[in-house]
Amino acid sequence: MAEVIGVRFKEVGKVYYFDPDGKKLKLGDTVIVETSRGVECGKVAIANKEVPDEDIVHPLKKLVRIATKEDIRRLQDNARKEKEALKICEQKVAEHGLAMKLVDVEYTFDNSKILFYFTADGRVDFRALVKDLASVFRTRIELRQIGVRDESKMLGGLGVCGRPFCCSSFLGEFHPVSIKMAKEQGLSLSPTKISGTCGRLMCCLKYEQDAYTDLLKHTPKVGAIVKTPYGRGLVVEVNLLTRMLKVKMDNTPNDAAPQTFKVREVKLVKDGYIKVNKKEMDELKSLEDK
């Protein structure tokens, strides 16, 4: 076991472990640590705690110091310079005629590097742009192409539910989201219904999936044969959240309406299965890409 603190460098970003170097820190403390990118400033997202050695990437870097007033001033200066750098870079991109969209700019804490994040439909030859920017800022320049999900996380906004984007409000990192999840949750496979503002499958499909997986274990699927208090029948519709089933009874005319039962009122004889049409999968595959 080792004592660690968790530090986050962006408001909703991944949490990294560091050695607290004997100091006791609390949530929200601003700290200076050394990373692979150099000295960085972040906030404590996880206070001192013990974690198993196998959960740590060794060697664990130590805390440099708790941020001082001078460190905070430098952060504020960097934020001001980032806004100026974004405007300058947008002008340079236009001058070079590059098909790219600038999303964000980030100064490293010690000003040893400036990172420009952008989106583009394909590969972009930005070597001339990097040289141009380096001559203006007199420091190392890095241009990093990001995906549309990363863009939404950085810029933020409101989702179709009316709430701030999950990715920019509480999800620390992205996880794969699949069409199968939408199918298992009983959602329409219309792209406008299951994709977010970024144009990819909504992140909420992933973090809600565990609940639906548990419900599916105890709920007959469409196509299942069940025994009801009034005889056997075929499940034709399922509402996982209300735990209600619509069953076409074997002992009723073909044109008779299905009867509704609660899950606990039926006994499973043979379960059905959830399938996604291959054509649907091919048409919606692009929504799964990050």
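Figured I'd write up the structure that's included with this text.

## What about the sheet that holds strand S12 (residues 259–262)?
Thought 1: Taking strand neighbours across the sheet as the criterion, the 5 strands line up as S12-S11-S10-S9-S13 in an open arrangement whose pairing is antiparallel. The open sheet is flanked by S12 and strand S13 (267–270), the only strands paired with a single partner. For this sheet the average axis-to-axis angle between neighbouring strands, irrespective of direction, equals 45 degrees.
Thought 2: Sheet analysis places strand S11 (residues 244–249) next to S12, joined by 4 bridges and oriented antiparallel. Residue pairing in the sheet places Leu-245 in a bridge with Phe-261 of S12.

## Looking at the pattern of salt bridges
Thought 1: Enumeration according to the criterion identifies 14 salt bridges in this entry.
Thought 2: Between Asp-71 and Arg-65 there is a salt bridge, with its nearest N and O atoms 2.9 Å apart.
Thought 3: Classification of Asp-71 by relative accessible area gives buried; the value is 6%.

## A look at the nonpolar core
Thought 1: Ranked by internal contacts, the top residues of the largest apolar core, which has 17 residues, are Met-100, Phe-116, Leu-133, Phe-137 and Leu-143.
Thought 2: Contributing elements (two or more residues each) for this core: helix H1 (69–96), strand S6 (101–107), strand S7 (113–119), helix H2 (127–137) and strand S8 (140–145).
Thought 3: Aside from chain neighbours lying at most four places away, what touches Phe-116 is Ala-85, Cys-89, Leu-102, Asp-104, Val-105, Leu-133, Phe-137, Ile-141, Glu-142, Leu-143 and Arg-144.
Thought 4: The next biggest cluster of nonpolar side chains, apart from the first, holds 12 residues, and it includes Val-177, Ile-194, Met-202 and Cys-204.

## Let's talk about the sheet that holds strand S4 (residues 38–51)
Thought 1: Across the sheet, 5 strands lie side by side as S2-S1-S4-S3-S5; this open sheet has antiparallel pairing. Each of the sheet's edge strands pairs with one partner strand only, and the pair in question is strand S2 (15–18) and strand S5 (63–66). If you compare each strand with its neighbour and ignore which way they point, the axes differ by 45 degrees on average.
Thought 2: Relative to S5, strand S3 (residues 30–35) runs antiparallel, the two sharing 3 bridges. Among the inter-strand pairings, Val-31 is bridged to a residue of S5, identified as Ile-66.

## Section: the environment of Tyr-273
Thought 1: Relative to the assigned elements, Tyr-273 resides in the loop between S13 and helix H9 (278–284).
Thought 2: Note: C-alpha distance between Tyr-273 and Ile-88 (185 residues apart in sequence) is 56 Å.
Thought 3: Those residues in contact with Tyr-273 that lie beyond four places of it in its chain are Lys-221 and Val-222.

## Focus: the pairing of S11
Thought 1: Examined bridge by bridge, strand S10 (residues 231–239) and S11 share 6 bridges and lie antiparallel to one another. Counterpart to Gly-233 in the pairing with S11 is Met-249.

Reading the values: the criteria
- Residues numbered from 1 in each chain as written.
- Predicted model: local features only at pLDDT ≥ 70, side-chain atom pairs only at ≥ 80, totals over all residues.
- Heavy atoms only, no water.
- Pairing = 2+ DSSP bridges.
- Helix = DSSP H or I, 4+ residues; strand = E, 2+ residues; numbered from the N terminus.
- Axes fitted to C-alpha atoms, helices over the stretch in contact; angles between N-to-C directions.
- Salt bridge = Lys/Arg side-chain N within 4 Å of Asp/Glu carboxyl O.
- Buried < 20%, exposed > 50% of the residue type's maximum accessible area, 1.4 Å probe, protein only.
- Core = buried A, V, L, I, M, F, W, Y, C linked by side-chain atoms within 4.5 Å.
- Contact = heavy atoms within 4.5 Å.

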